[in-house]
Amino acid sequence: AERIYASSWHAAIGLDITRVIVLGTNQYGFGEGAIGCPWGFQSPIGPLLPDTELCEVLNDQLGDAFFADALDHVACADIEMQVPFIQHTLGSPKILGVLMPDPFDPPQDDEPSVNADAFAAALRTALKTLGGRTLIVASVDLSHIGPQFGEPRPIDEQRQFEAERVDRELLASFSKGDAAGFCAAVKWNGNANRWS
């Protein structure tokens, strides 16, 4: 994974970035909806401070629900894994981490939450208001296969081949920029390879 991150982040070297927004998945938390982190992030290189201006604007637009379950970020490594690469390639821009909801999981409780569409609309408005140059990073995972993820058989060459084929097909769908088409491609088999 580190080689993939390093080659991806190499393209960002020298960019003049005001802020970085890293989107991750909420695999272990209790909250639902889009969940912001108002505290920033830490790596062995040092801290990345939160984009407090952006946090304030988003809180005004989305209400308290956006940060209500911020402790879910403690259990999630998706965003934290990107921090050293941000620091190495961009220095110390302000950061906002956001755990995004799984589009295929309906809400489980009655607590107010921020859905992905509401977050995207509020973010678009906030970024126009604040100005500057923003880099948005999606920190996600491809196939999760094998017995540790509930599959009955061990991973052999055939299963590796199948998983890679599915990953390549989904990446091709994603790269077309058609969100509805990509979601339909994941949904048709019930996300059997457990993309996050």
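Here goes a summary of the coordinates provided. (Residues numbered from 1 in each chain as written. Predicted model: local features only at pLDDT ≥ 70, side-chain atom pairs only at ≥ 80, totals over all residues. Heavy atoms only, no water.)

So, about the pattern of salt bridges. Per the counting criterion, the structure on display carries seven salt bridges. Between arginine 168 and glutamate 164 there is a salt bridge, with the nearest N and O atoms lying 2.9 Å from each other. Linking arginine 168 with glutamate 164, this pair stays in helix α6 (residues 157-175), spanning four residues, or about one helical turn. In this structure arginine 168 comes out as exposed when scored by relative accessible area, which is 58%. One connected set of salt bridges, linked through shared partners, spans Glu151, Arg153, Arg159, Glu162 and Arg194. (Salt bridge = Lys/Arg side-chain N within 4 Å of Asp/Glu carboxyl O. Helix = DSSP H or I, 4+ residues; strand = E, 2+ residues; numbered from the N terminus. Buried < 20%, exposed > 50% of the residue type's maximum accessible area, 1.4 Å probe, protein only.)

Two residues of an α-helix separated by three or four positions point the same way, owing to the 3.6 residues in each turn. Across the eight residues that make up helix α4 (residues 83-90), a large majority, six, are buried. Among all positions of α4, only Val83, Phe85, Ile86, Gln87, Thr89 and Leu90 are buried. Backbone geometry just after α4 places glycine 91 at a positive phi near 90 degrees.

This part is about the nonpolar core. Core analysis: the largest hydrophobic core is formed by 20 residues, its most contacted members being Ile21, Leu54, Leu58, Phe66, Leu96, Val98 and Phe119. Broken down by secondary-structure element, the contributors of at least two residues to this core are β1 (19-25), α2 (52-62), α3 (65-68), β5 (94-100) and α5 (116-130). Residue contacts for isoleucine 21: discarding those within four places in its chain leaves Leu54, Leu96, Val98, Leu123, Leu127, Thr134, Leu135, Ile136 and Val137. Grouped together as the second largest cluster of nonpolar side chains are 19 residues, Trp9, Cys37, Phe41 and Phe85 included. (Core = buried A, V, L, I, M, F, W, Y, C linked by side-chain atoms within 4.5 Å. Contact = heavy atoms within 4.5 Å.)

In this section: the state of the cysteines. The full count for this structure, using the stated rule, is zero disulfides. This cysteine, cysteine 183, is not joined by any disulfide, and cysteine 76 carries the nearest cysteine sulfur, 19 Å off. When its relative accessible area of 28% is taken as the criterion, cysteine 183 is described as partly exposed. (Disulfide = S-S within 2.5 Å.)

Let's shift gears to the sheet that holds β5. Spatially, β2-β5-β1-β6 is the arrangement adopted by the four strands of the open sheet, whose pairing is mixed. The outermost strands of the open sheet, each flanked by one partner alone, are β2 (35-37) and β6 (134-138). The average angle at which neighbouring strand axes cross in this sheet is 20 degrees, direction not considered. Sheet analysis places β1 next to β6, joined by five bridges and oriented parallel. Of the residues in β6, the one forming a bridge with leucine 23 is alanine 138. Most of the contacts of α2 go to β5, to which it runs at about 40 degrees, and overall it touches β1, β2 and β5. Across the face of the sheet, α5 comes into contact with β1, β5 and β6 while running at roughly 175 degrees to β1. (Pairing = 2+ DSSP bridges. Axes fitted to C-alpha atoms, helices over the stretch in contact; angles between N-to-C directions.)

Take the environment of asparagine 26 next. In this structure, asparagine 26 sits in the loop between β1 and β2. Between the C-alpha atoms of asparagine 26 and tryptophan 188, which are 162 residues apart in sequence, the distance is 22 Å. Setting aside its immediate chain neighbours within four residues, asparagine 26 contacts Gly31, Ile35, Asp72, Leu99 and Met100. Engagement of the side chain of asparagine 26 in a polar contact is seen with the backbone oxygen of glycine 31, the distance being 3.4 Å. (Polar contact = N/O pair within 3.5 Å; in protein donor to acceptor, adjacent residues only side chain to side chain.)

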